[in-house]
Amino acid sequence: MEQEAVELNQDSIACSICLDLLKEPTTIPCGHSYCWSCINTYWDEEDRETSHSCPQCGQSFRGRPDLKKNVTLAALVEELRRDGLQGAADLCYAGAEDVSCDVCSDRKLKAVKSCLNCLASYCEKHLQLHFETAAFEKHQLVEPSKKLQENICPRHDEVMKIFCRTDQQCICYLCLMDQHKEHETVSAAAERAEKQKELEQIRQQIQQRIQEREKDVKLLQQEVEAINVSADKTVKENDKMFFGLIKTIKEKRMEAKNRVLGQKKCEVSRVKELQEKLEQEMTELKRKDGQLEQLSHTEDHNQFLHNYPSVSALSESPHSSSIKTRPLRYFEDVTAAVDQLRDNIQDVLRDTWTNISKKVSEVDVLLPEPEPRTRKGFLKYSRELTLDPNTAHAHLLLSEDDTKATYMKEQQTSCSHPDRFTAWHQVLSRETLVGRCYWEVESRRGGVRVAVAYHSMKRAGRLNECLLGCNDRSWALCCDRNSYTFWHNNVKTPVPGFCSRRVGVYLDHRAGVLSFYSVSDTMTLLHRVQTTFTQPLHAGLLFYADGDTAEFVKLK
């Protein structure tokens, strides 16, 4: 009776909007009470300007009523709180996501336990019978579950307490007498106990693996820190050395400039000094010439003969009768010397930069993963490749999907492009290749070179620099009708093996591994390259004769 009174009191002081104990209770003109915030929110959502209504009885009010606190209800709520009835007032009702009590007749409360024997869920009040009655002592109580009906056999409507190991499913005792009669069966509890042991073992393995992974993660974090420190230190030291080189070059530049300007000043001064002396001599000669001219017009023979010895005396010139200069090159030889120095520095940079790039690419903290051993393993790294029409020789005909090329006698395109091969009948893939990649090439009729190459490989002319496998920027397997050969940097290497129409190519760019396989019923390694790739690669094809066809196989 006391509990019913409590519930009655709760109903009388509950807000019909939020269904909770009234907070700041306020009573509207029709007499119904609500939480102050609840009724305001409700009226705000009504979106009416002229009238508002009661959520409970529907009575409308002209304008929005002025709300005031209901002092009596507020005192009652406070009294219930003081009397320790808050728990009863705050009873938890079941929501859409909750498991509800199967016994509650009116508004259902949240279930606190589910019984696997009764196949029902109970709130705290109705669960007390399981604790007070001896008949329910052995019932198995679990956390509230909505899936209790899954324990009922859909065929016989009986509780499934048996596990069929043959069919790996739970069954009831009637199923055991019927279609599972000859099967291996145990109680569900016994199977659970066995599976529980397996579960614990699995958990131990998982925990052990978690610990191992935590150690690995910690190790990798340390590696990241070490890599960052080493890289930052290297960049700083490299900057210092490069700035030193730049400073030295600037100093030599200024030294060369000053020496040229100093020599210019010296030579110009020397030339001008000689020029002034020659001009003075010219002035003296002109004066002497004037005297001789005047003497030549003297009519008095005696006067002429008397003055002639003094006027005709010509002193010897202290300077060369003719000035000889070097060819007009002046400081051009210095420019040629600086030009030679520049070429030498560029040669050194080019030669040593390859070594620097190699050293950078050799920084590999993680061990490379092993090469797959089965075709299934290779297919994990398969790449769908397409041919780049902009690189295709003019006599190559590409399929609509750009996966197949055929060498044709007739020219197929007249469009020029800087990436197009102009002499050799070659084509590269549109996609760049980095990381671990695998693809297959199938050829028909004649031979083909299956290759990889840097994008920087030259395209124009019939030089080796433009031919797949005949330069240091490409690697190629030559697949003739009867034999294989491998080409790199114009070095030919015979490759033993039975020729097949399909060749598989495996690339581990980071590890510097390039492998060619003959693909038939099995995969046979033909040739493997271990090197250092300094740039992304492209797959390539080279054709020899009219009608030769090859395509990138679409792998599943």
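Remember, predicted model here, so these are calculated numbers, not experimental data. (Residues numbered from 1 in each chain as written. Predicted model: local features only at pLDDT ≥ 70, side-chain atom pairs only at ≥ 80, totals over all residues. Heavy atoms only, no water.)

Asks: I keep staring at the overall build of the protein and nothing clicks. Help me out?
Replies: What the protein contains, in helices and strands, is 10 helices and 23 strands. Here the C-alpha atoms of the protein give a radius of gyration of 51 Å, more than 25% beyond the 24 Å that 2.2 N^0.38 yields for 556 residues. Dimensions of the protein, computed from C-alpha atoms along their principal axes, come out at roughly 175 × 85 × 50 Å. Scored against the burial criterion, the 556 residues of the protein give a buried share of 30%. Total accessible area computed for the protein in this model is approximately 37800 Å², and 52% of it derives from carbon and sulfur atoms. Within the protein, one finds 77 positive and 84 negative side-chain charges whose respective centroids are separated by 6 Å. (Helix = DSSP H or I, 4+ residues; strand = E, 2+ residues; numbered from the N terminus. Rg over C-alpha atoms; globule rule 2.2 N^0.38 Å. Buried < 20%, exposed > 50% of the residue type's maximum accessible area, 1.4 Å probe, protein only. Areas by Shrake-Rupley, 256 points an atom, 1.4 Å probe, with all protein chains shown as cover. Lys, Arg positive; Asp, Glu negative; His and termini not counted. Charge placed at Lys NZ, Arg CZ, Asp CG, Glu CD.)

Asks: Any chance you could explain the domain arrangement of the protein here in plain terms?
Replies: When the parts of a complex come together, some accessible area is lost, and that lost area is often used as the size of the interface. Domain boundaries in the protein define domain 1 (10-87), domain 2 (113-188), domain 3 (197-308) and domain 4 (375-553). Computed over C-alpha atoms only, the centres of domain 2 and domain 4 are separated by 66 Å. (Domains from an automatic or database assignment.)

Asks: Would you mind showing me how to read the pairing of strand β18 (residues 491-495) here?
Replies: Each regular strand displays side chains that alternate between the two surfaces of the sheet. Strand direction decides the pairing type here: strand β17 (residues 484-488) and β18, joined by five bridges, are antiparallel. Bridge pairing links Thr 485 to Pro 494 in β18. Counted between consecutive antiparallel strands, the loop separating β17 from β18 contains two residues, among which Asn 489 sits at a positive phi close to 55°. (Pairing = 2+ DSSP bridges.)

Asks: I'm lost on the pairing of strand β19 (residues 502-508) in this one. Help?
Replies: The buried fraction of β19 is high, at six of seven residues. Pairing analysis gives seven bridges linking strand β14 (residues 436-444) to β19, with the strands arranged antiparallel. Residue pairing in the sheet places Cys 437 in a bridge with Leu 507 of β19. As paired strands, β19 and strand β20 (residues 513-519) are joined by seven bridges and run antiparallel to one another. Pairing of Leu 507 across the sheet is with Leu 514, part of β20.

Asks: How should I be thinking about the side chain of His 509 in this particular structure?
Replies: In this fold, His 509 is placed in the loop between β19 and β20. What makes His 509 buried here is its relative accessible area of 13%. From its side chain, His 509 meets the backbone oxygen of Gln 535 in a polar contact 2.7 Å long. (Polar contact = N/O pair within 3.5 Å; in protein donor to acceptor, adjacent residues only side chain to side chain.)

Asks: What is the right way to look at the nonpolar core in this model?
Replies: Nonpolar side chains in soluble globular proteins generally cluster together in the buried interior. Among the nonpolar cores identified, the biggest contains 37 residues, and Trp 439, Trp 475, Leu 514 and Phe 516 are the most heavily contacted of them. Within the second largest apolar cluster, 16 residues are counted, among which are Ile 28, Tyr 34, Phe 61 and Leu 67. (Core = buried A, V, L, I, M, F, W, Y, C linked by side-chain atoms within 4.5 Å.)

Asks: I tried to follow the layout of surface pockets on my own but got confused; where do I start?
Replies: By rolling a water-sized probe across the atoms, one finds the places where empty space is left. Taken as a whole, the largest pocket spans an internal volume of roughly 820 Å³. In terms of lining, the largest pocket is formed by 22 residues, of which the most central are Thr 234, Asn 238, Phe 242, Trp 353 and Ile 356. Among the secondary structure elements, those contributing two or more residues to the lining of the largest pocket are α7 (188-296) and α9 (332-361). A total of 11 residues in the lining of the largest pocket trace back to one element, the largest contributor, which is α7. In terms of residue class, the lining of the largest pocket is made up of 15 nonpolar, six polar and one charged. (1 Å grid on protein atoms, 1.4 Å probe; cavity = no way out; pocket = protein on both sides within 12 Å on 5 of 7 lines; lining within 4 Å. Points joined across faces, edges and corners; volume = space filled by probe spheres on them. Nonpolar A, V, L, I, M, F, W, Y, C, P; charged D, E, K, R; others polar.)

Asks: Where do I start with the packing of aromatic side chains in this structure?
Replies: To describe a pair of aromatic rings, you give the distance between the ring centres and the angle between the ring planes. For the structure shown, the criterion picks out seven aromatic pairs. When the ring of Phe 486 is compared with that of Phe 516, the centres are 6.1 Å apart and the planes differ by 55°; the resulting orientation is tilted. Within this pair, whereas Phe 486 is found in strand β17, its partner Phe 516 is found in strand β20, the two being separated by 30 residues in sequence. Accessibility classification places Phe 486 together with Phe 516 in one group, the buried group. By the ring-pair criterion, three or more aromatic residues cluster together here, those being Phe 378, Tyr 438, Tyr 506 and Tyr 517. Above the plane of the ring of Tyr 93 lies Arg 107, whose end atom (NZ or CZ) is 3.5 Å from the centre. (Phe/Tyr/Trp six-rings, centres within 6.5 Å; stacked < 30°, edge-to-face > 60°. Lys NZ or Arg CZ within 6 Å of the ring centre and 35° of its normal.)

Asks: Which parts of the structure should I look at to understand the packing of α7 against helix α8 (residues 301-312)?
Replies: Packed helices, taken two at a time, are described by the angle between their axes plus the distance between the axes. Close contact between α7 and α8 brings their axes to 10 Å; oriented N to C, the two are set at 165°. One way to sum up the angle between α7 and α8 is to call them roughly antiparallel. Along this stretch, α7 crosses α8, giving a crossing that reads as left-handed. Between α7, through Lys 288, Gln 291, Leu 292, Leu 295 and Ser 296, and α8, the contact on the second element is made entirely by Phe 304, Asn 307, Tyr 308, Ser 310, Val 311 and Ser 312. Here the residues of the contact of α7 with α8 sort into five nonpolar, five polar and one charged. (Axes fitted to C-alpha atoms, helices over the stretch in contact; angles between N-to-C directions. Parallel < 35°, antiparallel > 145°, perpendicular 65-115°, else oblique. Left-handed = near helix turned anticlockwise from the far one by under 90°. Contact = heavy atoms within 4.5 Å.)

Asks: Any chance you could explain the sheet that holds strand β13 (residues 426-428) here in plain terms?
Replies: Each strand in a sheet pairs with its neighbour through backbone hydrogen bonds, running either in the same direction (parallel) or in the opposite one (antiparallel). Read across the sheet, six strands follow the order β13-β22-β15-β16-β17-β18 without closing on themselves; strand pairing throughout is antiparallel. Each edge of the open sheet carries a strand with a single partner, namely β13 and β18. Averaged over all pairs of adjacent strands, the angle between their axes in this sheet comes to 20°, without regard to strand direction.

Asks: Help me understand the sheet that holds strand β7 (residues 141-142), please; the structure alone is not making it clear to me.
Replies: Across the sheet, which stays open at both edges, the three strands sit in the order β6-β5-β7 with antiparallel pairing between neighbours. Where the open sheet ends on each side, the last strands, each with one partner, are β6 (120-122) and β7. Sheet contacts for helix α5 (residues 124-132): β5 (113-115), β6 and β7; angle to β6, the most-contacted strand, approximately 110°.

Asks: Any chance you could explain a nonpolar patch on the surface here in plain terms?
Replies: On the surface, a cluster of nonpolar side chains totalling about 710 Å² of accessible area is made up of Phe 242, Phe 243, Leu 245, Ile 246, Trp 353, Ile 356 and Val 360. Of all the secondary structure elements, the ones that give two or more residues to the nonpolar patch are α7 and α9. If you tally residues by element for the nonpolar patch, the top one is α7, at four residues. One can find Phe 243 in helix α7. (Patch = residues over 30% accessible without salt bridge, like charges linked within 9 Å, V, L, I, M, F, W, Y side chains within 5 Å. Salt bridge = Lys/Arg side-chain N within 4 Å of Asp/Glu carboxyl O.)

Asks: Mind showing me how you'd approach the state of the cysteines here?
Replies: A covalent bond between the sulfur atoms of two cysteines is referred to as a disulfide. In the structure shown here, the tally under the stated rule is zero disulfides. Considering cysteine sulfurs only, Cys 470 is the nearest to Cys 466, which forms no disulfide, with 11 Å between them. Owing to a relative accessible area of 1%, Cys 466 belongs among the buried residues under this scheme. (Disulfide = S-S within 2.5 Å.)

Asks: Quick question: what am I supposed to make of the confidence of the model for the protein here?
Replies: As a note on interpretation, predicted positions should not be read in detail where pLDDT is low. Of all residues in the protein, 91% have pLDDT values of 70 or greater, and the mean over the chain is 85. When the criterion is pLDDT under 50, residues 85-90 qualifies, and its contacts beyond four places in sequence or with other chains add up to 11 contacts. (pLDDT = per-residue confidence, 0-100.)

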